[in-house]
Amino acid sequence: MTVESMKPTTPKTPGPSEPPLAGGGLPLLGHGWKLVRDPLAFLARLREHGDVVRLRLGPKTVYAVTSPELTGALALSPDYIISGPLWESLESLLGKEGVATANGPLHRRQRRTIQPAFRLDAIPGYGPIMEEEAHALVDRFRGAEVVDVTAEAFRVSVRISARCLMRGSYMDARSERITSALATLFAGMYQRMVVPLGPLYRVPIPANREFNRALADLHRLVDEIVADRRASGQKPDDLLTALLEAVDENGDPIGEQEIHDQVIAILTPGSETAGSVVMSLLNVLTEHPDQVDKIREEVKNVVGDRPVAFDDVRKLQHTANVVVETMRLYPAVWILTRRAVTETELGGYRIPAGADIVYSPYAVQRDPRSYERHTEFDPDRWLPGGSARVPKYAMAMRMPATVPSRPPTRPSQVKM
């Protein structure tokens, strides 16, 4: 026996393990069929399998993060970039040079360019446009027995976004065309994400032709808007002016493609998220008429008989809590994706470089481990003291802004 053979051996520390595989997958299709049939229910149940689980989308492995803590770590870590199936399905719409899809230094420079349009002191200037469009929305409701809430909510959000960020009378007519094009595009984007059939979406069947027409019309509209602004010589204090006068790191004007993609990236996600919130809020108020009475009473006490002004908004506390609770139960952003830029670890599990990761604000915000009576609508949970019990990152609005893709799960019509 040698001295060397008597030396104690140090056991190897086991590395991160592979996350468990979610149940219910099918041969070839994997879990994609569940994401098509009932995506919200499927995502909401994933935490039963663990804080990180593996999904199969066809031949591809995707990792799902389900806990608030790990969702926050994923969204904020530089080890994961804005990419993955959602963004790839949106690439033909958003392009590669807009703030919604850019990463790293380009993203930071673009944020500095567009930030003036979203300064707090700039927002009150948008108030009259918002008020005008809100009154127009109510006027369209008058006398109607049934209202298509989805169409109307999306329409008002597109018009407000377009008129605030790209000011000019030429936006009035074009905002209607933008609304029509985006409605068609968002209906097709989700399917392209969860059922990635690739070349089959280029087959000239009616659904694909309609999608391609809407896509071409939207890009054509943006080019027309930019050309008209340049031809007018006007420079209103809006987002489009900021883009046309922006320069890159070398002091040169930014390229035409970046201007185009920036307009698309700001107009499209902003309209979709705001429209989803308005749609859900109108549905919630029809289901909870007592909240309508409380909001009306609060507005009367705070504002009186005059129109609501920008400075009044912060004082409407119960109204704000109704909006927040609506966004908790029915978030506009219900699924998001990231991509690992290096091999890393989440929750003790190994995430390989290049892996796609999904997370669902809808599932996180309805988790019974984070919220008492998690499926009930209760605005009072956001009163001082109550909101402090909500875990960090259990509300998507506390994380960075993102691009949505909404499944048609809420009623699209409301009886008046």
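The coordinates are above.
Below or above, wherever it landed, is the structure these notes cover. Because the structure is predicted, anything quoted here is derived from the model rather than measured.

**Focus: a nonpolar patch on the surface**
- On the surface, a cluster of nonpolar side chains totalling about 340 Å² of accessible area is made up of Leu 26, Leu 28 and Leu 29.
- With respect to the secondary-structure elements, Leu 29 resides in the segment before α1 (32–37).

**Section: the pairing of strand β5 (residues 336–340)**
- Buried residues dominate β5, accounting for 5 of its 5 residues.
- Neither face of β5 is exposed, since Leu 336, Arg 338 and Ala 340 on one face and Thr 337 and Arg 339 on the opposite face are all buried.
- Pairing geometry for strand β3 (residues 80–82) and β5, over 3 bridges, is antiparallel. Residue pairing in the sheet places Tyr 80 in a bridge with Ala 340 of β5.
- Examined bridge by bridge, β5 and strand β8 (residues 356–359) share 4 bridges and lie antiparallel to one another.

**Remarks on the environment of Glu 298**
- One can find Glu 298 in helix α12 (residues 289–302).
- C-alpha separation for the pair Glu 298 and Leu 316, spaced 18 residues apart in sequence, amounts to 6.7 Å.
- Filtering out sequence-adjacent residues up to four positions away, Glu 298 remains in contact with Lys 315, Leu 316, Gln 317, His 318 and Thr 319.

**A look at the pairing of strand β1 (residues 52–57)**
- When you tally the buried positions in β1, you get 5 out of 6 residues, the bulk of the element.
- Turn length for the β1-strand β2 (residues 60–65) hairpin, with the two strands adjacent in sequence and antiparallel, is 2 residues, and the turn residue Gly 58 shows positive phi of about 65°.

**Let's talk about the packing of helix α6 (residues 127–141) against helix α7 (residues 149–165)**
- At a closest axis distance of 10 Å, the pairing of α6 and α7 adopts a crossing angle of 155°. One finds that α6 runs roughly antiparallel with respect to α7. Of the two possible hands of crossing, α6 and α7 adopt the one that is right-handed. On α7, the residues that touch Ile 129, Met 130, Glu 132, Glu 133, Leu 137, Arg 140 and Phe 141 of α6 are Glu 152, Arg 155, Val 156, Arg 159, Ile 160, Arg 163 and Cys 164.

**Side note on unusual backbone geometry**
- One non-glycine residue, Arg 373, adopts positive backbone phi at about 45°.
- Mapped onto the elements, Arg 373 comes out in the loop between α14 (361–365) and β9 (413–415).
- Phi at Tyr 393 is positive, roughly 70°, even though this residue is not glycine.
- On the basis of relative accessibility, which here comes to 17%, the residue Tyr 393 falls in the buried class.

**Notes on the pattern of salt bridges**
- According to the stated counting rule, one finds 25 salt bridges in the structure shown.
- Across the salt bridge formed by Asp 217 and Arg 177, the nearest N and O atoms sit 2.9 Å from each other. Of this pair, Asp 217 sits in helix α9 (residues 206–232) while Arg 177 sits in helix α8 (residues 170–194), and the two are 40 residues apart along the sequence.
- By relative accessible area, which is 17% here, Asp 217 ends up buried.
- With relative accessibility at 33%, the residue Arg 177 sits in the partly exposed group.

**Overview of the environment of Trp 33**
- Tracing the backbone through its elements, the reader meets Trp 33 in helix α1.
- Sequence spacing of Trp 33 and Gly 58 is 25 residues, and the spatial spacing of their C-alpha atoms is 9.5 Å.
- Beyond its immediate chain neighbours, meaning those up to four positions away, Trp 33 contacts Gly 24, Gly 25 and Leu 26.
- At a separation of 3.4 Å, a polar atom in the side chain of Trp 33 contacts the main-chain carbonyl oxygen of Gly 30.

**Considerations on α12**
- The end-to-end C-alpha separation of α12 is 20 Å, in line with the 20 Å expected for 14 residues at 1.5 Å each.
- When α12 is considered as a whole, its buried residues turn out to be Gln 291, Ile 295 and Glu 298. Here the buried residues of α12 occupy an arc of 65° about the axis, which is enough to place them on one side. Opposite the buried face of α12, at more than 90 degrees from it, the exposed residues are Arg 296, Glu 297, Lys 300 and Asn 301.
- Close packing links the buried residues of α12 with α11 (256–287) and α13 (317–329).
- Immediately downstream of α12, the backbone of Gly 304 shows phi near 80°, a positive value.

Calculation rules
Residues numbered from 1 in each chain as written. Predicted model: local features only at pLDDT ≥ 70, side-chain atom pairs only at ≥ 80, totals over all residues. Heavy atoms only, no water. Patch = residues over 30% accessible without salt bridge, like charges linked within 9 Å, V, L, I, M, F, W, Y side chains within 5 Å. Areas by Shrake-Rupley, 256 points an atom, 1.4 Å probe, with all protein chains shown as cover. Salt bridge = Lys/Arg side-chain N within 4 Å of Asp/Glu carboxyl O. Helix = DSSP H or I, 4+ residues; strand = E, 2+ residues; numbered from the N terminus. Buried < 20%, exposed > 50% of the residue type's maximum accessible area, 1.4 Å probe, protein only. Pairing = 2+ DSSP bridges. Contact = heavy atoms within 4.5 Å. Axes fitted to C-alpha atoms, helices over the stretch in contact; angles between N-to-C directions. Parallel < 35°, antiparallel > 145°, perpendicular 65-115°, else oblique. Left-handed = near helix turned anticlockwise from the far one by under 90°. Polar contact = N/O pair within 3.5 Å; in protein donor to acceptor, adjacent residues only side chain to side chain. Expected span 1.5 Å × (residues − 1). Arc of directions from axis to C-beta.

None of this, on its own, says anything about what the molecule does.
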